[in-house]
Amino acid sequence: MNTVAIILNPNAGNKKLMNQMEEIETELKETFSNVKIYQTKQEGDGAKYVEKLASSVDLIIGAGGDGTIFELVNALAPLQERPAFAILPGGTCNDFSRTIGINQEPLLAAKQIKEKKIKQIDIGTFNHQYFLNFWGIGLISKVSEQMDKNSKKLGKMSYYIQASKLIFQNEVFHLKIESDDSTYDDDAVMVVIGNGSFLGGVQSFFPQANIQDGLLDVLIIKQASMQNFWTWLQSQVNDDYPDKKNEEIVYFRTNSLKIEAQPIQKIDCDGELIDETPSTISILPQHLTMLVGDV
Ligand SMILES: Nc1ncnc2c1ncn2[C@@H]1O[C@H](COP(=O)(O)OP(=O)(O)OP(=O)(O)O)[C@@H](O)[C@H]1O
């Protein structure tokens, strides 16, 4: 593993990553003989770089926030031959980098990447889109919808401020889920399907998510559960979560499922609003070779 392309969004987050790039490049060059930085100028540039570079590099390092990582993963995942992938966290939440134990200090993350600790990682897919962290409808996508660049500057707290504003609106939809492992046909206010264990910067929804088990974690929140759910979210999850005896929270694991909602719901995928229901979601087991940190 010698040839490395760093695809960098210079405007991600608070530009902390951008300001440390020289130092990071020097650090990486101690281990990798050929390191080049490619700066994106706008949305779509990251994907173009992946298409151009994937067949000629051993490792692509995504340097930016979750939006940049989402774009790069969506360009890498459909390729037949995929170089290894790593993350230098530079955004607000950096959810998947946390799941794979990458330090949130970019220079320390670079030191971890130098260790070349490799894992084959599952990724989720639906309608030719791919996700590392989560697929969600209901409350979760409403929070994303109302987040703008200004509120993002507040960092991950802004997710919770938005969520707490919306949580009592409790907009119910009718949900139908079919999978080999479970079915559901009832009202709900939110569905979150997880691959990674972090969401909005905290290890809240799926603390025991395993990114190599070929399974998606499916969490359905029914209407009456919002108060419980919020209490639970604040209490930051204990080991026996989710308690399957709790009738207000439905939880199961599966490798694929079909979801319909009435009225149609917007889909939030790794923090990006990109599609609408219905959707058939599945997992691509150990599809991506990633350099991980302390996991
Ligand atoms: N040079 C650039 N200037 C502005 N936007 C860019 C640039 N390069 C890429 N983008 C786009 O900006 C969007 C947001 O980027 P990214 O997620 O990396 O940063 P962020 O929004 O600050 O972080 P987070 O998503 O964690 O809050 C992405 O969709 C990305 O494609």
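The notes below deal with the structure included here. (Residues numbered from 1 in each chain as written. Predicted model: local features only at pLDDT ≥ 70, side-chain atom pairs only at ≥ 80, totals over all residues. Heavy atoms only, no water.)

## Focus: the site of the ligand
Next, step 1: Close to the ligand lie 20 residues; Gly-13, Thr-40, Gly-67, Thr-68 and Thr-92 are nearest.
Next, step 2: In this structure, Gly-13 approaches the ligand through a main-chain N or O atom, which is 2.7 Å from an oxygen atom.
Next, step 3: Between an oxygen atom of the ligand and a side-chain N or O atom of Glu-71, the distance comes to 2.8 Å.
Next, step 4: Expressed as a share of its isolated accessible area of 630 Å², the protein-covered part of the ligand is 84%.
Next, step 5: Looking at the shell around the ligand, the elements with two or more residues in it are helix H4 (66-76) and helix H8 (149-152).
Next, step 6: With 4 residues, the top contributor of residues to the shell around the ligand is H4.
Next, step 7: Of the residues assigned to the shell around the ligand, the class counts are 3 nonpolar, 11 polar and 6 charged. (Near = heavy atom within 4 Å. Polar contact = N/O pair within 3.5 Å; in protein donor to acceptor, adjacent residues only side chain to side chain. Areas by Shrake-Rupley, 256 points an atom, 1.4 Å probe, with all protein chains shown as cover. Helix = DSSP H or I, 4+ residues; strand = E, 2+ residues; numbered from the N terminus. Nonpolar A, V, L, I, M, F, W, Y, C, P; charged D, E, K, R; others polar.)

## Concerning the pattern of salt bridges
Next, step 1: In this structure the tally under the stated criterion is 7 salt bridges.
Next, step 2: Note that Lys-29 is salt-bridged to Glu-25, the shortest N-O span being 3.1 Å. Taken together, the residues span about one helical turn, with Lys-29 and Glu-25 both in helix H2 (residues 21-29) at a distance of 4 residues.
Next, step 3: Residue Lys-29 is classed as partly exposed on the basis of its relative accessible area of 44%.
Next, step 4: When the shortest N-O distance is used, the salt bridge between Glu-27 and Lys-111 registers 3.3 Å. Of the two residues, Glu-27 is situated in helix H2 and Lys-111 in helix H6 (residues 106-114); the sequence distance between them amounts to 84 residues. (Salt bridge = Lys/Arg side-chain N within 4 Å of Asp/Glu carboxyl O. Buried < 20%, exposed > 50% of the residue type's maximum accessible area, 1.4 Å probe, protein only.)

## Here we look at the pairing of strand E15 (residues 272-276)
Next, step 1: Two strands pair when backbone bridges link them, and strand E14 (residues 266-269) and E15 are joined in this way by 4 bridges, in the antiparallel orientation. By the bridge assignment, Lys-266 is partnered in E15 with Glu-276. (Pairing = 2+ DSSP bridges.)

## Thoughts on the packing of helix H3 (residues 45-53) against H4
Next, step 1: H4 packs onto H3 with a crossing angle of 35 degrees between their chain directions and a minimal axis gap of 8 Å. Relative to H4, H3 is oriented so that their crossing is right-handed. Contact residues: Asp-45, Gly-46, Ala-47 and Val-50 in H3; Glu-71, Leu-72, Ala-75 and Leu-76 in H4.
Next, step 2: In the contact of H3 with H4, the residues fall into 5 nonpolar, 1 polar and 2 charged. (Axes fitted to C-alpha atoms, helices over the stretch in contact; angles between N-to-C directions. Left-handed = near helix turned anticlockwise from the far one by under 90°. Contact = heavy atoms within 4.5 Å.)

Coordinates in, geometry out; function isn't part of it.
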